[in-house]
Structures are given as C-alpha cells and as structure tokens.
Amino acid sequence: MPVGLFRVCLLVITAIVNHPLFFPKENGTIPENTEEIIQKMKEREESLRLEQLRLEQEIAEQEATQKALEKAAVVVEESKEEKVRWDMWTALSMVIFLLIELWRQDFQEGNWQDTGGEEDDMAVLGKAFKGVAFPDKAVLASFYEKRILGTTGDMARMREMVEGFADDLLEALRSVCNRDADMEVEDCMGVGSMYENWRVRKPFVCDLIVPFAPPEPYCFRCQTWCSGDSFPPDEQGYGTIKVCRADEDAAGCICDKTKLGEDMLCLLHSQVSSTRPSSEMEDLLCFKNTQYLDANQVMKWFQIAVTKAWNRISHKYEFDLSFSLLDSPGALKIKFKSGKSIAFNLTPVVQYENSDVYFVSHFPRSSLAADIPSSTHWFLTFAVYERRFIQLVSKTLPANACHVSCLQILSFLHEKQCSLTGPSGLTNYHLKTVLLHLLQACPSQDWAPEKLEARLQDMLKFLERCLHEKKLYHFFIGNGKVPAELGFPIIFQRAEPLNLFRPFVLRRDIYRKMVDTFHEMLRNMSALINEYTVHIPLAHTNGIRKE
C-alpha cells in the first residue's frame, strides 16, 4: 500500500514538471514578456534616477535655505545689537536736545531779557558807553522837575476833553449808520503814552481805539500767525479777519467749495444764502472777491461815517474838526477860533475773540507797521495789556517810583536827538518795551526814586545790548511769565518770541542809522540835559554833536 501511494505521487510530480507552461519551447510567447519587463525596468530605472536628481536638488535647496536662514539670523542679531546702540545714541541725543530746549526757554522767558552783570554789559557796550559823562542824581532830578513833571496836569485835562468829545462823536456816528447794514461801533478806549502818563513830546496826541463788529447775521473769524497755519516770517505779528455768517462753520460748507448739480440743493443752506454776490461782501468792507476784511475799505467807511457824524453835531461846538494827516486816516484835529488846536487819533479796531488784543487797521504815523504785507493783513496790538501791566506793577513799587521817570527822560533825549540828526528806526515803543522787560526782571525796591540814575543806566545798557545783538523781543509774545492777573491769552504766551528788531536785520542802512543815533544820544546826553535844565544860551551848546 505505501509503495502504491509513492508511485502515484511520483507520477503526479512528473506530470507537473513536464507541463509546457513551466518549460516552454524556444518559439513560445515568453520572449515577448521578457522585453516588456526589461522596458519597464528601464523606465523604472529612469524614474528612479529623476527622483534621485529631484531629491538631490531639494536637498541642495534646503541646504541653501538653511544657510540663508543662518545668515539672516546673524544679520538680525547684528542689527539688533546695532539698533540697541542706535537707540542708546538716539536717547542720549534726545536728552541733550531737551536740555538745550529747556535752557532756551528759560533764556527766552527770563534770562533772554535779563540785565546781566556789570562786566558783561560793559563788554558789550564797549567804548561808546565808557566815554559817556552821565549826569548825576541832582542834575537828573532838577531836569525832571523843570522839564517833565509839569506836563502831567496838561495831559490829564487834554484826555478828559478828548474823551468827552470822542464819545459824543461816536454816538452821532451810530445814529447816522444803518443798523441793519453798517458796522456796529462800540465805545472807544485810550491807549499809549498819554494814558500811561509818560508822554513828553509836544503837542500831546491822544490815541483812541474804536472796536467795531459786523451787522447781524455776520461775525468776524480771526486768524493769527500763531494759530497753527504757516505764516511767512515777514507776516509774524499780523492776522487776517474773515467775514462769515454766524451760523456758518468756521471751515465753511462744502456747497461753497464744490459745484453742485442743477438738480442738487444743499440741505443746510438755501439757494439764496449759498450764493454771495461780490457786491454784498464789498458792502461788508471785504477785499474784492474775497471774504477777508480790507483795512483800506474800513478806513474809507470810517472817515465817511465820522464826517457825517460831525455834520450832525457841529452846531453844538465852537470849533472845527478835520482830518489832519493823509497817511493816517484816523488822525483828527480840533481847531479853535483862537488858533489853538488839539490832535488825536481815532482808529477802528477788531477784537480778537474775547480778549483785549485787537487787530489795528492803521497805526498812527505808521511807526510800528511800516511795511504791511497787504490790506487784508491786520497788525495785532497789545496796548491794553501793556497799560494794565504797568498799572499792576506800579502797585508793588515804592512810593514815587522812578520807572515812569526813566522812560520819560529816555524818550525826551531820543526825541531831541532825532530833531538834531533826523529820525531813525528806533521808536518810543522800543523804549517802552525795554522798560517792560526791566520791570519784570528787577526787584521792586530797585525802582525807588533815589535810584533813578542807576535804572536809567540799566535801560541804556539794555538797549545797547539789544542793538548790538539785533534782538529786542516783544514783551508779551512768547513770554511765559506774564502775570496771571492780566488774563493774557495763552496762545500768545506759547508762541515763538517776536523780535521787534527783525526788520532791521536786512535793512542795514536803517540799522546803521539807528545805532549811530543812539550813540550820538549817549554822547550828547549831558549837554542836552544841561541845556534844558539851566537854559544855557544857544551859543554855549556847541558841544552837542550832529551827524
């Protein structure tokens, strides 16, 4: 039995081995399958080679990217270190800048107008002041008593007479004006040397300013050089006045700036109010085709209105009234039948917001505003605050303080010197500005009456240094130490200081004339004071030098 099974299995194995599928003949189909397999193997090999190349390229790119990242990291690290160093230098520079700025502000607010030490003053003044024979206290006291003190009562009587007449004239002016179309005139105010009690030059002239406002529904919108918009250097101290409707936004409605279609209507303004004929704005004294108030138009209107007002009340007075100067439209003169006359200036002004700063249309005698940029630019005056400051400081000074006396003597000497050598760029307003700075810088006890000589020398030294440096700053503009009791607008305190001598920097001829006049005044001071004190005959005054 086992032998039989073995034979059967051997037979099966033999049959399987000899099957033609396992051992095909040479002319079978197997060779075709082999070529196909070889072709596939070649394709596979090619794909593997391409894949290898791709992988090598990716590896190379990754290595390059890694190197770039490492390089960038190094650069970032170096930039961080450099930025740290730069930030340190920036911070150090900012600290230095802030220290310089703080010093500059302190210098401008306090030390910028400090009187300085005696040695520094003499170094600046040089030979001009060293050779001056300064009058002693007795001569100064005698000169002040004989030549200046007696004029105080005359000024008081003249102020009272002019103010009374001006009030009557303005009341008549209001009656002749159309309240619905003309400007509304307010009460006048006295400013300047006559109302600060230091004027010495004769004939006396009262300066009165008259605020006015537009008729309803219009209002004035004022803009100054320090209100934010850029003004050229030659327009510092000036501003513009725009005439607007009271219900109009300061920037104006878009319908005034954009051409609306014929089928479009502004919801804020009607068709009547949105269009402003040029004739309407000219009736409001604006410059042609603008909304800006024209100083020339204002003065023409004011002169016509004053003439009408005088015609209405002239029968009440036994004198004549006329305009005295062509270059000063507000200059008026009262002529009595006896031949005597009284001159005064009546100048229309516009109030700046709710302060006592005013836009002035024209300066009397054009002493402060010689070169006005245009008729739409108005100069700002701080005369009301100057008067209040002097009154406020006077309350803290000793009895019979010499501050007003110093200004009167210096003003007198300057006027007499100008009569000898001709006018110069130096004005009484410059002299008053010097006094205002010294009143703020010097202690109250330094203005005792017995210190008149010392304070007069201080004013001369201070003025000489300002002329030497070509810098005399306006007392209020940029001065952060203005007493709070005055209620002075903060916008002008924070403004850049205004150099009153800036116009002379480019005008070398005027500057040279101003310096020469000042030095001549120093050298002639004793002779002038002695002449007007003891009445030396003219033949004995040859010591006075002329240019």
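Residues numbered from 1 in each chain as written. Predicted model: local features only at pLDDT ≥ 70, side-chain atom pairs only at ≥ 80, totals over all residues. Heavy atoms only, no water.

A word on the UniProt feature "coiled-coil region" (unreviewed entry) in the chain. UniProt records the feature "coiled-coil region" (unreviewed entry) for residues 38-72 in the present numbering. Helix and strand shares over residues 38-72 are 100% and 0% respectively, and the end C-alpha atoms of the span are 50 Å apart. (UniProt positions renumbered as here; feature names shortened; annotations may be inferred. Helix = DSSP H or I, 4+ residues; strand = E, 2+ residues; numbered from the N terminus.)

Right, let's talk about the environment of Ser424 for a bit. One can find Ser424 in the loop between helix 12 (403-421) and helix 13 (428-441). Among all residues touching Ser424, those that are not within four sequence positions of it are His414, Cys418, Lys513, Met514 and Thr517. (Contact = heavy atoms within 4.5 Å.)

A separate point is helix 11 (residues 383-394). Under the 1.5 Å per step criterion, the end-to-end length of helix 11 is 17 Å for twelve residues, consistent within 8% with the ideal 16 Å. Those residues of helix 11 that fall on the buried side of the exposure criterion are Ala383, Val384, Tyr385, Glu386, Phe389, Ile390 and Val393. (Expected span 1.5 Å × (residues − 1). Buried < 20%, exposed > 50% of the residue type's maximum accessible area, 1.4 Å probe, protein only.)

Another aspect to go through is a negative patch on the surface. Residues Asp180, Glu184, Glu186 and Glu216 make up a contiguous surface patch of negative charge. Tracing the backbone through its elements, the reader meets Glu216 in the loop between strand 3 (205-213) and strand 4 (218-224). Judged by its relative accessible area of 71%, Glu216 is exposed. (Patch = residues over 30% accessible without salt bridge, like charges linked within 9 Å, V, L, I, M, F, W, Y side chains within 5 Å. Areas by Shrake-Rupley, 256 points an atom, 1.4 Å probe, with all protein chains shown as cover. Salt bridge = Lys/Arg side-chain N within 4 Å of Asp/Glu carboxyl O. Lys, Arg positive; Asp, Glu negative; His and termini not counted. Charge placed at Lys NZ, Arg CZ, Asp CG, Glu CD.)

Here we take up the nonpolar core. Grouped together as the largest cluster of nonpolar side chains are 116 residues, with contacts concentrated most on Leu169, Leu293, Phe344, Leu346 and Trp447. If one sorts the elements of this core by residue count, helix 17 (residues 508-534) sits on top with ten residues. If we ignore the near neighbours within four places in the chain, the residues touching Leu346 are Ala166, Leu169, Leu170, Leu208, Val210, Phe302, Gly330 and Leu332. Of all hydrophobic cores here, the second largest spans seven residues; its members include Val191, Val360, Ala383 and Val384. (Core = buried A, V, L, I, M, F, W, Y, C linked by side-chain atoms within 4.5 Å.)

One way to put it is that helix 11 packs onto helix 13 with a least axis distance of 11 Å and a crossing angle of 40°. In terms of orientation, helix 11 lies oblique with respect to helix 13. Crossing of helix 11 over helix 13 shows left-handed handedness. On helix 13, the residues that touch Glu386, Phe389, Ile390 and Val393 of helix 11 are Tyr429, Lys432, Leu436, Leu439 and Gln440. Among the residues forming the contact of helix 11 with helix 13, the class breakdown is six nonpolar, one polar and two charged. (Axes fitted to C-alpha atoms, helices over the stretch in contact; angles between N-to-C directions. Parallel < 35°, antiparallel > 145°, perpendicular 65-115°, else oblique. Left-handed = near helix turned anticlockwise from the far one by under 90°. Nonpolar A, V, L, I, M, F, W, Y, C, P; charged D, E, K, R; others polar.)

This next bit is on the side chain of Glu196. With respect to the secondary-structure elements, Glu196 resides in helix 7 (residues 193-196). What makes Glu196 buried here is its relative accessible area of 6%. There is a polar contact of 3.2 Å between the side chain of Glu196 and the side chain of Lys432. With sequence-adjacent residues up to four places away left out, Glu196 is seen in contact with Ala383, Glu386, Arg387, Ile390 and Lys432. (Polar contact = N/O pair within 3.5 Å; in protein donor to acceptor, adjacent residues only side chain to side chain.)

Moving on to the packing of aromatic side chains. Counted according to the given criterion, the structure contains 27 aromatic pairs. Note on Phe165 and Tyr317: the rings are 5.2 Å apart at their centroids and 85° apart in plane angle, and the pair reads as edge-to-face. A residue pair is termed long-range when its members are at least 10 positions apart, and Phe165 in helix 6 (residues 151-176) and Tyr317 in the loop between helix 10 (295-313) and strand 6 (319-323) qualify at 152 residues. Relative accessible area serves as the criterion here: at 3%, Phe165 is assigned to the buried category. With relative accessibility at 24%, the residue Tyr317 sits in the partly exposed group. When the centroid spacing of 5.5 Å and the interplanar angle of 65° are considered together, the rings of Phe319 and Phe336 count as edge-to-face. A residue pair is termed long-range when its members are at least 10 positions apart, and Phe319 in strand 6 and Phe336 in strand 7 (residues 331-336) qualify at 17 residues. On the accessibility criterion, Phe336 (30% relative accessible area) is partly exposed. Feature note: the residues Trp225, Tyr352, Phe359, Phe382, Tyr385, Phe389, Phe475, Phe476, Phe488 and Phe492 constitute an aromatic cluster, connected by ring pairs. Of note, Arg388 hangs over the ring of Tyr385, and the distance from its end group to the ring centre comes to 5.7 Å. (Phe/Tyr/Trp six-rings, centres within 6.5 Å; stacked < 30°, edge-to-face > 60°. Lys NZ or Arg CZ within 6 Å of the ring centre and 35° of its normal.)

Oppositely charged side chains can form a pair if their charged atoms are brought close together. Going through the model one piece at a time under the given rule, you end up with 14 salt bridges. In this structure, Glu171 engages Arg174 in a salt bridge whose closest nitrogen and oxygen atoms are separated by 3.0 Å. Note that Glu171 and Arg174 are positioned in helix 6 at a spacing of three residues, about one turn of the helix. Residue Glu171 is classed as partly exposed on the basis of its relative accessible area of 48%. For Arg174, a relative accessible area of 17% corresponds to the buried category.

For Phe287, the position within the fold is in the loop between helix 9 (278-283) and helix 10. The sequence separation of Phe287 and Thr376 amounts to 89 residues, and the corresponding C-alpha distance is 7.0 Å. Beyond its immediate sequence surroundings of up to four residues, Phe287 is in contact with Tyr292, Asp294, Ser375 and Thr376.

Below, the discussion takes up unusual backbone geometry. With an omega of 0°, the peptide bond running from Lys202 to Pro203 counts as cis. You can see Pro203 is positioned in the loop between helix 7 and strand 3. The amide bond that connects Glu216 to the next residue, Pro217, takes the cis arrangement and shows omega of 10°. Summarising the element assignment, Pro217 is placed in the loop between strand 3 and strand 4. In the Ramachandran plot, Asn289 falls in the positive-phi region, its phi being about 60° despite a non-glycine side chain. Examined against the element boundaries, Asn289 turns out to sit in the loop between helix 9 and helix 10. Look at Asn400: it is not a glycine, yet its phi comes out positive at around 55°. Along the chain, Asn400 turns up in the loop between helix 11 and helix 12. Judged by relative accessible area, Asn400 falls into the exposed class, the value being 67%.

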